[in-house]
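One-letter residues, chain by chain:
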Amino acid sequence: MTTPETDVAEQPQEQPGQRPEERLERAVRAAEQALIEFEIAVETFRVEVENFSRLHHQKLGPMYTRLDELEALIAEATAARTGDPEDRRTADEARARVMPMPGVEELFHGWMDGDGLFPEAAAMLTEQTVRPPQRVRPSDEARKLYRELVRKSHPDLAQDDAERGRRDEFIARVNAAYGRGDEALLRELAAEWAAGPVAPARQSTPSEELYARLEWLAQRKELLASVARDLEESAIGAMLRMAPEDPDALLDEIAEQLLAQVAEREAELERLTAS
């Protein structure tokens, strides 16, 4: 993948008569443009890897699966002929490598099992009443914490609209924690309330905001560079780099090699099982 290597924190050359803020603004604009180009390059390569991975799986996946199955059959036939415990272990390992078919539970993600739909799923699909979830009974300590928090933080105790908003948001979290019977979270909320509201942050100067923006841009580029490295070093990324101009030809070449291997394994299996 060809990606721009411009440092997003690099500042342009200083020009006479420029204010410091102007130089920072120019540096931020240059860094933003470089990052945009870098993001485009990384995303383009990500899509290429994803598409090539899909084609690889569709075209070659069945061949890999067939090879694994043949390896298992050959190992099992060998073990049956020799009776050697080591051959039996090898056969078991080869069979374990063959990808099993997913179970019904995996396919339907909890909607059904081998005996059919779960009652809740059947009720939803037939528009019947769904059995309500089991109610949570909060502990005595949770009830005590809840009452204390409501007394202290009730919105009616607010002196102004801003304080009322803070209390409304806090009470909503308290109610949610109590509804789940989450005593630990209620304790955390009690400690948070006791600590008081967070002091308003000092207003940043324009220069501070620009420096912060440059720092964020640099961090973002580092993250994208890490993503790019992972893509390039992945198995599919490495294959794509081998034939960036014509990846389909590479797939055809690999497919021919796999077909030849399948033919060899099938012949070997036939020899083992013929006698």
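Scope of this entry: the structure provided in the associated data block. (Residues numbered from 1 in each chain as written. Predicted model: local features only at pLDDT ≥ 70, side-chain atom pairs only at ≥ 80, totals over all residues. Heavy atoms only, no water.)

### Focus: the overall build of the protein chain
Part 1 of the argument: Helix and strand counts for the protein chain come out as 10 helices and 2 strands.
Part 2 of the argument: Each helix and strand of the protein chain, ordered N terminal to C terminal, gives the series α-α-α-β-β-α-α-α-α-α-α-α.
Part 3 of the argument: Out of the 275 residues in the protein chain, the part that is buried amounts to 26%.
Part 4 of the argument: Sequence separation of 24 or more characterises 64% of the internal contacts of the protein chain that already satisfy a separation of 6 or more.
Part 5 of the argument: Looking at the protein chain as shown, the accessible area adds up to about 19100 Å², and 53% of this sits on carbon and sulfur atoms. (Helix = DSSP H or I, 4+ residues; strand = E, 2+ residues; numbered from the N terminus. Buried < 20%, exposed > 50% of the residue type's maximum accessible area, 1.4 Å probe, protein only. Contact = heavy atoms within 4.5 Å. Areas by Shrake-Rupley, 256 points an atom, 1.4 Å probe, with all protein chains shown as cover.)

### Notes on the nonpolar core
Generally speaking, nonpolar side chains in soluble globular proteins are found buried as a group.
Part 1 of the argument: Residues Val49, Phe52, Leu60, Met239, Leu250, Ile254 and Leu258 are the most contacted members of the largest nonpolar core, which totals 22 residues.
Part 2 of the argument: Every element with two or more residues in this core is listed here: helix H1 (20-82), helix H9 (235-242) and helix H10 (247-274).
Part 3 of the argument: Among the elements that take part in this core, H1 stands out by supplying 9 residues, more than any other.
Part 4 of the argument: For Val49, the contacting residues outside a window of four places in its chain are Leu231, Ile236, Gly237 and Leu240.
Part 5 of the argument: Within the second largest apolar cluster, 13 residues are counted, among which are Val28, Ala31, Phe38 and Leu210. (Core = buried A, V, L, I, M, F, W, Y, C linked by side-chain atoms within 4.5 Å.)

### Thoughts on the packing of helix H5 (residues 140-153) against helix H6 (residues 161-179)
The packing of two helices is summarised by the inter-axis angle and the distance between the axes.
Part 1 of the argument: In contact at an axis separation of 10 Å, H5 and H6 are set at 170 degrees when each is read in the N-to-C sense. Accordingly, the angle class assigned to the pair H5 and H6 is roughly antiparallel. In this structure, H5 contributes Ala142, Arg143, Tyr146, Leu149, Val150, Lys152 and Ser153 to the contact, and H6 contributes Arg167, Phe170, Ile171, Val174, Asn175 and Tyr178.
Part 2 of the argument: Grouping the amino acids of the contact of H5 with H6 by side-chain chemistry returns 8 nonpolar, 2 polar and 3 charged. (Axes fitted to C-alpha atoms, helices over the stretch in contact; angles between N-to-C directions. Parallel < 35°, antiparallel > 145°, perpendicular 65-115°, else oblique. Nonpolar A, V, L, I, M, F, W, Y, C, P; charged D, E, K, R; others polar.)

### Considering the pattern of salt bridges
Part 1 of the argument: Per the counting criterion, the structure on display carries 21 salt bridges.
Part 2 of the argument: Ionic pairing is found between Glu43 and Arg46, a salt bridge with its closest N-O pair at 2.6 Å. Of the two residues, Glu43 and Arg46 both sit in helix H1, 3 residues apart, roughly one turn of that helix.
Part 3 of the argument: The partly exposed category is assigned to Arg46, whose relative accessible area is 31%.
Part 4 of the argument: For the salt bridge of Arg143 with Asp140, the shortest nitrogen-to-oxygen distance reads 2.0 Å. Separated by 3 residues within a single helix, Arg143 and Asp140 lie in helix H5, roughly one turn from each other.
Part 5 of the argument: Under the relative-accessibility criterion, Asp140 is labelled exposed at 56%.
Part 6 of the argument: Salt bridges here are not isolated pairs; linked through shared partners, they connect Glu43, Arg46, Glu50 and Arg54. (Salt bridge = Lys/Arg side-chain N within 4 Å of Asp/Glu carboxyl O.)

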